[in-house]
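# Results of the structural survey
Given next are the chains, with one letter for each unit.
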Amino acid sequence: MERLQKIMARAGIASRRKCEELILSGQVEVNGEVVRTLGAKADPAVDEIKVSGRPIRLEKKLYFAFNKPKGVITSARDPEGRRVVADYFRDVKERVYPVGRLDYDTEGLLIVTNDGDFANKLTHPSGHIPRTYHAVVKGIPHGTLLEKLAAGIRLDDGMTAPAEVEYRDVDMDKSEATIEITLYEGRNRQVRRMFEAIGHPVKRLRRVRFGSLTLQGIPRGKYRELKPEEVKALLMEAERSHKVHK
């Protein structure tokens, strides 16, 4: 027997937090009875579990590293008909979804899975798995400005946590610079807002690393399945960062 929301997350319904919302809203049945209690348990081997009237089945766990192109929505669907991440996984039988988000205008590394428990551990606020970006910014920021970003800078939602910031390239002809920045927190449009705060707005942004995972060998718009040891390493990083930042 295990908690209902954990079974649902393992079945790829959604993240565990979203599964809890489904339970509380009365959309989950166990053996024909609506369950609204988060502590409820079930045995997926013998109990019939339905979500919104549809029985769930435990799927094979899938984990992918995807090189998201610019102009793609980090979502399963888009009411405006724009391209979404799911469009690139049409040959995958199971329903998979992104772990976290990348902005419409941001490209690069995105983890995609059908394991809600795994997704929740990687994105939980208590975890601080480092995420590394290459930002092409307008103008050539002075080193003292990069030091400010590294130490933490005030945004409209408070001070940012310390980051790692360094030059990757400087193009004097185009008056732009490529800066590598590693964050240990995940706020909305954080990299773009940080560079705007020092007067050097981002022109292009690409995530190149998530924890120990990189984009190496993955062309834009393509994906590869993660190896078991890579999945284990990400979970260990999430667990380690949770302990450090308790």
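Structure report, in brief. The shown structure was predicted, so the numbers you read here are calculated from the model rather than taken from an experiment. (Residues numbered from 1 in each chain as written. Predicted model: local features only at pLDDT ≥ 70, side-chain atom pairs only at ≥ 80, totals over all residues. Heavy atoms only, no water.)

So, about the environment of Lys203. In this fold, Lys203 is placed in strand β15 (residues 202-210). By relative accessible area, which is 38% here, Lys203 ends up partly exposed. For Lys203 and Gly12, which are 191 residues apart along the polypeptide, the C-alpha to C-alpha distance reads 36 Å. If we skip the residues at most four places from it in the chain, Lys203 touches Val136, Val137, Lys138, Lys174 and Glu176. At 2.7 Å, the side chain of Lys203 forms a polar contact with the side chain of Glu176. (Helix = DSSP H or I, 4+ residues; strand = E, 2+ residues; numbered from the N terminus. Buried < 20%, exposed > 50% of the residue type's maximum accessible area, 1.4 Å probe, protein only. Contact = heavy atoms within 4.5 Å. Polar contact = N/O pair within 3.5 Å; in protein donor to acceptor, adjacent residues only side chain to side chain.)

Across the eight residues that make up helix α3 (residues 116-123), a large majority, six, are buried. Taken together, the buried positions of α3 are Gly116, Asp117, Phe118, Ala119, Asn120 and Leu122.

In this structure, Phe89, Leu149, Ile181, Val191 and Phe195 are the most contacted members of the largest nonpolar core, which totals 31 residues. Those elements that place two or more of their residues in this core are β7 (63-68), β9 (106-113), β10 (131-138), α4 (143-151), β14 (176-183), α5 (190-197) and β15. Ranked by residue count, the leading element in this core is β14, at four residues. When near neighbours in sequence (up to four residues on either side) are disregarded, Phe89 contacts Phe64, Phe66, Val96, Val112 and Tyr223. Among the nonpolar cores identified, the runner-up in size contains 18 residues, and Tyr97, Phe118, Ala119 and Leu234 belong to it. (Core = buried A, V, L, I, M, F, W, Y, C linked by side-chain atoms within 4.5 Å.)

Further remarks concern the pairing of β15. Pairing between β9 and β15: three bridges, direction parallel. Opposite Glu107, over in β15, you have Arg206 as the bridge partner. As paired elements, β10 and β15 share seven bridges and run antiparallel to each other. The partner of Ala135 across the bridge, within β15, is Leu205. Two elements, β15 and strand β16 (residues 213-214), share two bridges in a ladder whose sense is antiparallel. The residue of β16 that forms the bridge with Phe210 is Leu213. Remark: two residues form the turn of the hairpin made by β15 and β16, two consecutive strands paired antiparallel; Gly211 in that turn has positive phi of roughly 60°. (Pairing = 2+ DSSP bridges.)

For helix α2 (residues 16-24), every residue scored as buried is listed here: Cys19, Leu22 and Ile23. Down the axis of α2, the buried side of the element spans an arc of 100°, and every buried residue falls inside it. Where α2 is buried, its residues touch α1 (4-10), β2 (28-30) and β5 (49-51). Of the residues one or two after α2, Gly26 is the one with positive phi, at around 80°. (Arc of directions from axis to C-beta.)

Across the sheet, four strands lie side by side as β3-β2-β5-β6; this open sheet has antiparallel pairing. Both edges of this open sheet fall to β3 (33-34) and β6 (54-55), since each of them pairs with a single strand only. In this structure, β2 lies alongside β5, joined through three bridges in antiparallel fashion. Within β5, the position partnered with Val30 by the bridge is Ile49.

Each pair of aromatic rings is reported with the distance of its centres and the angle of its planes. Under the counting rule described, the total for this entry stands at six aromatic pairs. Measuring from ring centre to ring centre gives 5.4 Å for Phe64 and Phe89, while their planes differ by 55°; the resulting arrangement is tilted. Taken together, the residues span a long stretch of sequence, with Phe64 in strand β7 and Phe89 in the loop between β7 and β8 (97-98) at a distance of 25 residues. A residue is classified by how much of its surface remains accessible, and Phe64, at 5% relative accessible area, is buried. Between Phe66 and Phe89 the ring centres are 5.4 Å apart and the planes differ by 70°, which places this aromatic pair in the edge-to-face class. Here Phe89 lies in the loop between β7 and β8 and Phe66 lies in strand β7, a separation of 23 residues in the sequence. Here Phe66 matches Phe89 in class, with each residue buried. (Phe/Tyr/Trp six-rings, centres within 6.5 Å; stacked < 30°, edge-to-face > 60°.)

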